Every structure is written in C-alpha cells, then in structure tokens.
Amino acid sequence: MTAFAIARTALLRLFRDRSNLFFVFVFPIALVLIIGAQFGGGFEPIIGVTGVDGDPLAGDVVDLLDADYGIREFDDSDAAVLAVERGYVSAVMVFPDDLSAEALAGRDPQIGFITQPDSSGQAIRAAAESALNRAIGPTAAAVAVSQSQGVSLEQAELLVEGAASAIADVDVETRTTGDALFADLGQFDLGASSQLVLFVFLTGLVGSAALIQSRQLGVTRRMLSTTASARTVIFGEVLGRWGVAVFQGIYILIVTLVAFRVDWGDPIGALMIVLCFGLVGASAAMLFGAVFKNDQQAGGISVVAALGLAALGGSMVPVEIFSSSMQSIARITPHYWANDAFAELVRRDGSVVDILPHLGVLAAYSIVLLTVAIWRLQKVITR
Amino acid sequence: MTNVLDVDGLKRSFDDLVAVGGVSFSIEPGEAYGLLGPNGAGKTTTISMVAGLLESDAGSVSVAGKLMTTKSSDAKRAIGLVPQDLAIYPDLTAAENLKFFGSLYGMRGASLNERIMTVLEMVGLSDRADDRSDEYSGGMKRRLNIAVGLLHEPQLLILDEPTVGVDPQSRNAILESVEGLSSRGMSVLYTTHYMEEAERLCDRVGIIDNGLLVAEGTRRSLVDSIGQDDTVHVTATGNLHHVAELLRAVEGVVTAAEAHGVVSVVVDRAAIRLPSILATFTEAGVSVVAVEVSEPNLEAVFLHLTGKALRD
Ligand SMILES: Nc1ncnc2c1ncn2[C@@H]1O[C@H](COP(=O)(O)OP(=O)(O)OP(=O)(O)O)[C@@H](O)[C@H]1O
Ligand SMILES: [Mg+2]
C-alpha cells in the first residue's frame, strides 16, 4: 500500500508540470497525425507503381491516376508489396516490362494489382481499371481495326479517335457516405504503434529525472526515516515510473483508437505490450536514476537515449527498410521487440499467444535492468 | 520510566575522517535536549545515526526502548525527523506533501486528513494548506518541513538546525512552535550552533566539537562549571588572529578566539581586565570598533572548553 502512495505521488507530480502535459498529451498525438499524413499521403490515397520506366502506355495510366491519387514509384515489386502491407501505399500496380509492345502486338498485357482487403482497395481497383481501359483501350482498338480492316496502324488510330469522340463522354460520379473523417485507409496505424513505442519509453525514461530530484531534495532520505523500508521506497518508485509509462501507452492507444480509428489488433495483446514495454522503460529510468547524480543531465541523456533506441528499433523508420546488418543491430533494442509485437497483432492478425516470445524478451530486459538498478540504488540511497 | 532516547558510544568515520568519535547521551520523556556545536562538529552525522539513516561504526541507539538500526521500523515510528535541508516536494501543496509522508507511515483517510489539519495548525500554515510549497517564504517552507516530522505523533521530534538561513521573524516563529511542542510534553532533540537557541529551548545541552561531547548539563550547571568568568566581545578590524594569540598571554584571560571580525575573550573579571585587553589591541595596531561584555553563557562555556568561538 505504501508503495502505491509513492507511485501515486509520482503521477501527481508528473501532471503538475505543464510542459509534461504537452509532451504526454499533445505531442505524441501530433506526431501520429504528422506521420500518418506523411506516409499515408495526407488524406489522398497513394498508389504504388512498378515497371513504368519510360513505357508510354504505363506513363499514360499513371498520368490518368495522378489526378485523383498520389503516385509513388518503386524499383521492385517486393518493396512495393511491403509498402502495401505496412500501409504506406493503398495499392500497387505492377506493370510488365513490355506493356506497350504487348499492347501493340495485340496481346492482352498482364498487370498485377495488390491491395489490402478493405473497401478502399476495391475503390482504387475500379479507378485503376478504368484508367487502364482509357489509356490502353484506344491502342488495343486501333490494333484490332488495323488487323481486321487491313489498314495501317496510323489510319486505324484516326478511325478509333473519331469513333471515340462521337461517343458522348460518360462521367462516373462517385460519392462516399458515412463519417470517414479520419478513418481513411488505416493510414495512421503504422505511425500510431511506432509512436506509442517511442513515447512509452521516452516518458518512462525521463522519469529518471524525477527520481534524482527526490534524492536531491532530500525527500528520498526522509522517506527512509519513516517506517517505509528501502525496499518499499524503491518498489514504490518503480511502480510510479511504470504507472507513468503505462498511462502514456494507454492514452495513445485510446485516443488513436477513438479519434483516428487506428486498428490495434487484439486489445489484450496491445495492453500486454504496453505493460511489458512500459516496465522496460520504468526499469531503465530506475537505472538512470541510480547512475546519474544530476536531474538535468539525466533528463537530457534520457531524451537522447530514448530517441536513439527508438530510431534503432524501428520506431522512426520501419526496420524492414534497414540493411540486414542494421536489422540485426535493431534486435538489440527493446523497441524492436515492441514494434514487432505490434506488427504481429496488427498486420499479421496475431493474438496474445503469438506475441508471447516478444513479451518474454521485454520481461527479460526489465528483469536485467531492474536488478542492476536496485543494486545501485540501494547503495546510493542508504549511503 | 524508560528514556525516549539512549545513545551509547556512537562512532562513525568517513574514510580517514572521524565525524563522530564516541558520543553518548540520553533524553528523558518530555525533555528538550540540545546538541550545540559549530559547523562540522558532527551534529548531522549523529542525528543521521539516531534516525536510522546511517549505519554506525560502533555504539547503539535505542528509541523508547527499541533498538534503532537502518531497518527497524518500530524504532522509526517513534521518531519524527526534521532534516537540516528542506525535504519536501516544492511542486506539491502543503496538504499533498503531508498526505504523501503520512501515507509512508501507513496513515490513511479521514484520520490522516484530520491529523494534517492539526499539524498545519501547530505550525501556523492552516490558511496556506492548498498552496504549492514553492510559493512559500523561506520560513514557511521550514515550518512545513517541521510539520512533516510531527505528522505521525512521534515520541521524539528530532530537529537538525531548523533555523539556518531563516530571517529573524520566521526564526522566532519556528522557535515558538518548538517551545509550544516542548511545553505540551513532546521530547525534542535539537541541534544548533546558535547558543541563544540552545539556551532558550533546551532543558539540557550537550556541547559537541570534533565529533565528541565535551560537556553536558543544564545551562546553569554548564555555566557554573566555568566559574564566574565574563566574556568580552571586541569588534575590530585588523589581524585579529594575532591579537587573540597575544590576548591569551594577558593576565586574567582564560582564553581568547576570533571569528568573523569579533574577538571573544573569556576573562576572570571584565571590569578589572578591560584596560589591559584594549591596550593589547592598540599594541597590535588593531583599531577597535565596539566592545561588549556579557555574563557567563553557553558560548563562553564553548570558548572555555575548546578555545574556539562558536559562530559561523
Ligand atoms: N557523507 C559524508 N562523507 C564524507 N564526510 C562527511 C559526510 N558527512 C559528513 N562528513 C564530514 O563529517 C564531519 C561532520 O559533519 P556533520 O555534517 O555531521 O557536521 P554538523 O555538525 O552537522 O555541521 P553543520 O553545522 O555544518 O551542519 C564534517 O567534517 C563533514 O565533512
Ligand atoms: Mg549539520
């Protein structure tokens, strides 16, 4: 019970500081929005394309789609497919290398289309098909005319053009219904989980400064003059840092769920990740709080360490984009395991059972960090 | 009746430095005991061991019959520590600070709230209970610091130099609070390097220097122990250290010491010796600004026993 009182006071003091309020409540959500807008292309869906390279017909298709969609070119189809999977782009069109030649030879070109299985993917597919028909249709018709009527391709193209202008333009009007203000394509999903990981750790770790402050203020010493034992005092401080980190995680979870309809997968799994990863942050904070003497030094180093680990662990740029040696380095960070656990839940539809290994790794991090921290702290505070 | 505090042969060194070199004293229920000594005498180190914050190298402490160690919660329940430096959260209100420390003692709910109001009343902060303590004046912060120590109704209140760095008005308020507690039967252990505070508050005083108790007793008995010697304080400018040295050779002078522009001279009879004392200043080429003669007091006792002035 006493430990809870210490933890409660840690939370109370966190919320008393106005700058903390900004960093805990406003900043993470702002970043989720910004990242969603960046990778998710604002509120305009992005279509990835590969194999365009100067092919005139593919270029025409892209130009037609460009009016309504963002276009991103990929060098190879694997990268493009990954981008769909992670939600950077809404769909991918894979053009064959010889699209124009195939069309001119009168054969049906094979064009790959990959999207996530949601309704927006179907809408994009319809748009893509229409663009294909408009771009390739006249050429295919001209080829057919020239072959059947024995005229030159140039003459056939003129005939087709004339016939096309005679047909009244058909406009297809599309409407959407329902309140899809922020629900667009799950574009915030990736930003939300990576920012959650970043901020749970950051908010937990900067708590090391408060721990050092308590010591500098003489409050820790005074706590030891009460009936609370050193063990209770340390346990209470751990609980406090943990509470702060978990609060940060749950806050991001709930706000992004409600405001942006972010898909977090299995809710119990998500909560378990927040709990385990929050404990890693809290334990690291205890270690920093034991090792450093000055709260400002600890605060500064905490921010740098938290951002550095987040970058390494794939919270800023997804690890899948890393080189393979960097990917193995990423596995050293607890962030990697938290990010991957979320990927398991969200992208691979995993359950708690699927992320048990990840949770185990996170728990191991906590145990190691906490053991060292408590050993150091006991020396420091009872000196 | 068992003593509220028994300190026996307490020792503690930091590396080569002997901070406390074997200190023994006792406090009876309801008694106010003062540890009087200059900076670095070992007061805080002694108190840290008494409060179970610091391991001793040797000796024992028992509070209300319970052995005090760094781990004994029974003995710790019996004391309330008011540390030398403020130990409160500046970003919390007085009430929140008290609630926090109260909960460390396992206090809860309505009885805790009631107790918080009582101690705030005792230190005169009731009307500022819900203000953040970093908005308080220095004296108010000190009083809150004291209130924390009173919260769980300890048998022994330990105050470590509670008036250091406080303006005279707040200082008086603090002394009055302590006097009030003491008159209501609270046992008090009070450290200070202000002779007047020890004289005003304490039933008995232990004089501590270099980690050792050099004398102990009531004010009366301590003063009597040095006889009827007077103390002459001479405020002057010049090489006072040298003057003090010369003075010790003057007839009738028991001892002399200099601190902060004042030379204190313990002398058998001030009225007779004053001319020769002042002549010594003139000989040394030191100009005298003011002279003050005082009756025997604890400061004279300290000077007498240690040859040092008790001033910061
Ligand atoms: N943690 C420590 N490490 C090393 N030396 C220490 C430590 N604490 C105290 N000392 C030394 O022990 C001696 C006694 O210090 P202490 O703080 O007990 O004196 P004090 O009587 O409380 O002085 P003040 O009136 O200045 O508070 C000093 O010389 C001090 O430098
Ligand atoms: Mg001291």
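Everything numeric here is computed off the predicted structure, so don't read it as measured data.

Draft legend 1. Representation of the overall build of chain B in the model. Scanning chain B for helices and strands turns up 11 helices and 14 strands. Its C-alpha radius of gyration of 22 Å places chain B within 12% of the 20 Å reference for a compact globule of 312 residues. Across the 312 residues of chain B, 55% fall into the buried class. If you take every contact in chain B between residues at least 6 apart in sequence, the share linking residues at least 24 apart comes to 69%. Across chain B, 26 positive and 43 negative side-chain charges occur, with their mean positions spaced 4 Å apart.

Draft legend 2. Focus on the coordination of the magnesium ion (ligand 2). Residues and elements named next belong to chain B. Donor atoms from the polypeptide that bind the magnesium ion (ligand 2) are Thr44 (OG1) and Gln84 (OE1), placed at 1.8 to 2.2 Å. Pair noted here: Thr44 is in helix α1 (residues 43–50) and Gln84 is in the loop between β6 (79–82) and α3 (94–104), with a separation of 40 residues, a long-range link. The exposure class assigned to Thr44 is partly exposed, which follows from its relative accessible area of 32%. In this structure Gln84 comes out as partly exposed when scored by relative accessible area, which is 24%.

Draft legend 3. Local environment of the site of ligand 1. All names here are of chain B. Near ligand 1 there are 13 residues, and of these Gly40, Lys43, Thr44, Thr45 and Glu161 occur at the shortest range. Asn39 places a side-chain nitrogen or oxygen 3.0 Å from an oxygen atom of ligand 1. Glu161 places a polar side-chain atom, nitrogen or oxygen, 2.5 Å from an oxygen atom of ligand 1. When the free accessible area of ligand 1 is taken as 630 Å², the share hidden by the protein chains comes to 61%. Elements with a minimum of two residues in the shell around ligand 1: β2 (17–27) and α1. In terms of residue count, α1 provides more of the shell around ligand 1 than any other element does, three residues in total. In terms of residue class, the shell around ligand 1 is made up of five nonpolar, six polar and two charged.

Draft legend 4. Summary view of the nonpolar core. Ranked by size, the top nonpolar core spans 98 residues in total, and within it Leu5, Phe25, Leu98 and Leu189 of chain B carry the most contacts. With sequence-adjacent residues up to four places away left out, Leu189 of chain B is seen in contact with Leu5, Phe25, Ile27, Tyr33, Leu35, Ile47, Val50, Leu156, Leu157, Ile158 and Leu159 of chain B.

Draft legend 5. Structural detail: the interface of chain B and chain A. Taken together, the contact pairs 30 residues of chain B with 23 residues of chain A. In total, chain B and chain A occlude about 2,400 Å² of area from one another, counting both sides; carbon and sulfur atoms represent 58% of this. Sorting the residues of chain B by area buried against chain A places Leu53, Tyr89 and Leu104 of chain B first, and these three jointly supply 28% of that buried surface. Linking chain B to chain A there are two salt bridges. A salt bridge links Asp91 of chain B to Arg13 of chain A, with the nearest nitrogen and oxygen atoms 3.0 Å apart. Run the count over chain B and chain A and you get 10 residue pairs in polar contact (both at pLDDT 80 or more). Counting residues per element, the ones that place at least two in the side of chain B that touches chain A are α2 (73–77), β6, α3 and α5 (138–150) of chain B. In terms of residue count, the dominant contributor to the side of chain B that touches chain A is α3 of chain B (five residues). Looking at the side of chain B that touches chain A, its residues break down into 18 nonpolar, six polar and six charged.

Draft legend 6. Up close: helix α4 (residues 77–86) of chain A. All names here are of chain A. Within α4, the full set of buried residues consists of Ala80, Ala83, Val84 and Arg86. Residue Asp76 occupies the N-cap position of α4, its side-chain oxygen lying 3.3 Å from the main-chain nitrogen of Asp78. At the exit of α4 stands Gly87, carrying a positive phi of roughly 85°.

Draft legend 7. Molecular detail of the sheet that holds strand β2 (residues 70–73) of chain A. All names here are of chain A. Pairing is mixed in the open sheet, where four strands are placed in the order β2-β1-β3-β4. In this open sheet, the two edge strands, each paired with only one partner strand, are β2 and β4 (112–115). Across the sheet, the axes of successive neighbouring strands diverge by a mean angle of 20°, strand direction being ignored. Of the pairings in the sheet, the one linking strand β3 (residues 91–94) to β4 comprises four bridges and is antiparallel in character.

Draft legend 8. The domain arrangement of chain B, seen in detail. In terms of domain boundaries, chain B breaks down into domain 1 (5–222) and domain 2 (228–295). A separation of 36 Å is found between the C-alpha centroids of domain 1 of chain B and domain 2 of chain B.

Draft legend 9. Spotlight on the sheet that holds β2 of chain B. All names here are of chain B. Read across the sheet, four strands follow the order β2-β1-β4-β5 without closing on themselves; strand pairing throughout is antiparallel. A single partner strand is all that each edge strand has here, and the edge strands are β2 and β5 (66–67). Taken together, the five bridges between strand β1 (residues 5–14) and strand β4 (residues 58–63) define a ladder with antiparallel strand orientation. The partner of Asp6 across the bridge, within β4, is Ser62. In the packing of α1 onto the sheet, contacts are made with β1, β2 and β4, and the angle to β1 comes to roughly 120°.

Scoring rules and cut-offs
- Residues numbered from 1 in each chain as written.
- Chains lettered and ligands numbered in written order.
- Predicted model: local features only at pLDDT ≥ 70, side-chain atom pairs only at ≥ 80, totals over all residues.
- Heavy atoms only, no water.
- Helix = DSSP H or I, 4+ residues; strand = E, 2+ residues; numbered from the N terminus.
- Rg over C-alpha atoms; globule rule 2.2 N^0.38 Å.
- Buried < 20%, exposed > 50% of the residue type's maximum accessible area, 1.4 Å probe, protein only.
- Contact = heavy atoms within 4.5 Å.
- Lys, Arg positive; Asp, Glu negative; His and termini not counted.
- Charge placed at Lys NZ, Arg CZ, Asp CG, Glu CD.
- Donors = N, O, S within 2.8 Å, 3.2 Å for Na, K, Ca; no water.
- Near = heavy atom within 4 Å.
- Polar contact = N/O pair within 3.5 Å; in protein donor to acceptor, adjacent residues only side chain to side chain.
- Areas by Shrake-Rupley, 256 points an atom, 1.4 Å probe, with all protein chains shown as cover.
- Nonpolar A, V, L, I, M, F, W, Y, C, P; charged D, E, K, R; others polar.
- Core = buried A, V, L, I, M, F, W, Y, C linked by side-chain atoms within 4.5 Å.
- Buried area = accessible area lost by both parts, 1.4 Å probe.
- Salt bridge = Lys/Arg side-chain N within 4 Å of Asp/Glu carboxyl O.
- Pairing = 2+ DSSP bridges.
- Axes fitted to C-alpha atoms, helices over the stretch in contact; angles between N-to-C directions.
- Domains from an automatic or database assignment.

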